[in-house]
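# Residue-level structure breakdown
Next come the chains, spelled out residue by residue.
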Amino acid sequence: MSLNATVVVRRGEFVLDVQLSVDDGDVVAILGPNGAGKSTLLAVLAGLLPLDQGLVMLDDDVLEDPVKGVRMPAASRPVGVVFQDGRLFPHLSAIENVAFGLRARGTRHADALARARHWLERAGVSDVAGRRPAELSGGQAQRVALARALAPSPRLLLLDEPLAAVDAGARAALRREIGRELRGTTATRVLVTHDAVDAMALADRLVILEEGRIVQEGTPADVRRHPRSRFAADLVGVNLFRGHAVGGVVHLDGGGELVAADAPTGYVFSVVHPHAVALYRHRPEGTPRNAWRSRVQAVELVGDRARVEIEGPVPLVAEVTPAAVDELHLSEGGEVWATVKATEVNVYDA
């Protein structure tokens, strides 16, 4: 099964204008900052929001075409949706929630309940079948919501931030469960998330959406190696710069320069991984090609590493050990020298 959608939706000054294709067998993750249009896009695909222009096709079936006056109602679309907050019916038990879509499609009550129980067992929550949503934890509710979306065997499965409302302790287990179900279904699969871990773990292809436009798409490895926007760079945890390269020197748009080995001539992106940034209390000896006197903006401990935000001629994020933070006396407002080897600057055409 495959999805092909040209989507144009106008909401006041905001315009969502994207072309999205999902090939048979792929899981596509839509990522972007708040207000990028991610949930709006999913609402269009689900039939909850009409197109202003465009076309939505699932295999050879037209779900929506404003020019021809075709718009399949949301209730009639072969689509399953898992919402960020689950959106379970509060007056129905877990098993009745899962059976709802089956009943709406004409399945007999007894058969619908039997299939719903199967999906609850598959999702690992058969023990809460008789409970109502208010009696469920966040993780249990999302598992029930996933079972409800999958039970009618949809041809298109949409997941809108399915892990956002789940506490940290339950996220890893639910992520594994969602991954198992995504691999096990034949439906075309589209996931919206802002979380890099969720996207990298669950998706075959990433689509970066910003201000209603697709700014980058590719495999997780492609986006990691060659981010093409500040959001994408932040997502994968690297420093990204734009500028004009001449003679191995990249003159950055925001001011400052980067010396890079093997830099092509022209307008380029430059990526520096935080672990490639070395920090010193005093100007280092020798002749480092990239060295800047800077000031520490912030220090954040992340597990067994520390991310140090540096303001200077070239603003950077460095990654060091907590021991280095102590040894270098790194603290907000403190002076520091930052260096990057020219061979550690990854340059590619913009």
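Now for a quick tour of the structure. Here the structure is a predicted model, which is why all the values come from computation and not from measurement.

### Topic: helix α3 (residues 109–122)
Compared with an ideal rise of 1.5 Å per residue, which puts 14 residues at 20 Å, α3 spans 20 Å between its outermost C-alpha atoms and is within 8% of the ideal. Those residues of α3 that sit buried are Ala112, Ala116, Trp119 and Leu120. In a view along the axis of α3, the buried residues occupy a sector of 100°, so they form one face of it. Check the buried side of α3 and you find it contacts α2 (94–104), α4 (138–150) and α5 (168–184). Two residues or fewer past α3, Gly124 is found with a positive phi of approximately 80°.

### Structural notes on the sheet that holds strand β17 (residues 290–302)
The antiparallel open sheet is built from 5 strands, whose spatial order is β16-β20-β17-β18-β19. The open sheet is flanked by β16 (278–280) and β19 (316–320), the only strands paired with a single partner. Taken pair by pair, the neighbouring strands of this sheet meet at an average axis angle of 45°, ignoring direction. Taken together, the 7 bridges between β17 and strand β18 (residues 305–311) define a ladder with antiparallel strand orientation. Looking at β18, one finds that Val299 is bridged to Val308.

### Structural notes on the sheet that holds strand β2 (residues 14–22)
With antiparallel pairing, the 5 strands of this open sheet are ordered in space as β2-β1-β4-β5-β6. Among the strands making up the open sheet, the edge pair consists of β2 and β6 (70–71). Two strands pair when backbone bridges link them, and strand β4 (residues 53–58) and strand β5 (residues 61–65) are joined in this way by 3 bridges, in the antiparallel orientation. Bridge pairing links Val56 to Glu64 in β5. Against the sheet, helix α1 (residues 38–46) makes contact with β1 (3–11), β2, β4 and β5, and its axis sits at roughly 120° relative to β1, the strand it touches most.

### Topic: the pairing of strand β9 (residues 188–192)
Extensive coverage of β9 is indicated by the burial of 5 of its 5 residues. Residues Thr188, Val190 and Val192 point to one face of β9 and Arg189 and Leu191 to the other, with burial holding for every one of them. In this sheet, β9 lies alongside strand β8 (residues 156–160) in parallel orientation, the contact comprising 5 bridges. Its bridge partner lying in β9, Leu157 is registered against Arg189. In this region the chain leaves β8, passes through α5 and returns to the parallel neighbour β9; the handedness of that crossover is right-handed.

### Here we look at the pattern of salt bridges
As enumerated under the stated definition, the model contains 15 salt bridges in all. A salt bridge links Glu177 to Arg180, with the shortest nitrogen-to-oxygen separation between them at 3.0 Å. Placement of both Glu177 and Arg180 in helix α5 is noted, with a separation of 3 residues, approximately one turn of the helix. The shortest N-O distance in the salt bridge between Glu335 and Arg295 comes to 3.9 Å. On the criterion of sequence distance, the pair formed by Glu335 in strand β20 (residues 335–340) and Arg295 in strand β17 is long-range, its members being 40 residues apart. Judged by its relative accessible area of 27%, Glu335 falls in the partly exposed class. Each of the salt bridges in this network shares a partner with another, and the network as a whole consists of Arg122, Glu177, Arg180 and Glu181.

### A closer look at the environment of Val347
With respect to the secondary-structure elements, Val347 resides in strand β21 (residues 346–349). According to the relative accessible area criterion, Val347 is buried, its value standing at 14%. Along the chain, Val347 and Gly12 lie 335 residues apart, while their C-alpha atoms are 39 Å from each other. Setting aside anything within four residues of it in sequence, one finds Val347 in contact with Val250, Ala260, Ala263, Pro264, Val268, Phe269 and Ser270.

### Remarks on α2
Residues spaced three or four apart along an α-helix face the same direction, because each turn holds 3.6 residues. Residues of α2 that are buried include every one of Ala94, Ile95, Asn97, Val98, Ala99, Gly101 and Leu102, and no others. Within two residues after α2, Gly106 carries a phi angle of roughly 95°, on the positive side.

Reading the values: the criteria
Residues numbered from 1 in each chain as written. Predicted model: local features only at pLDDT ≥ 70, side-chain atom pairs only at ≥ 80, totals over all residues. Heavy atoms only, no water. Helix = DSSP H or I, 4+ residues; strand = E, 2+ residues; numbered from the N terminus. Expected span 1.5 Å × (residues − 1). Buried < 20%, exposed > 50% of the residue type's maximum accessible area, 1.4 Å probe, protein only. Arc of directions from axis to C-beta. Contact = heavy atoms within 4.5 Å. Pairing = 2+ DSSP bridges. Axes fitted to C-alpha atoms, helices over the stretch in contact; angles between N-to-C directions. Right-handed = clockwise from strand over helix to strand, strands pointing away. Salt bridge = Lys/Arg side-chain N within 4 Å of Asp/Glu carboxyl O.

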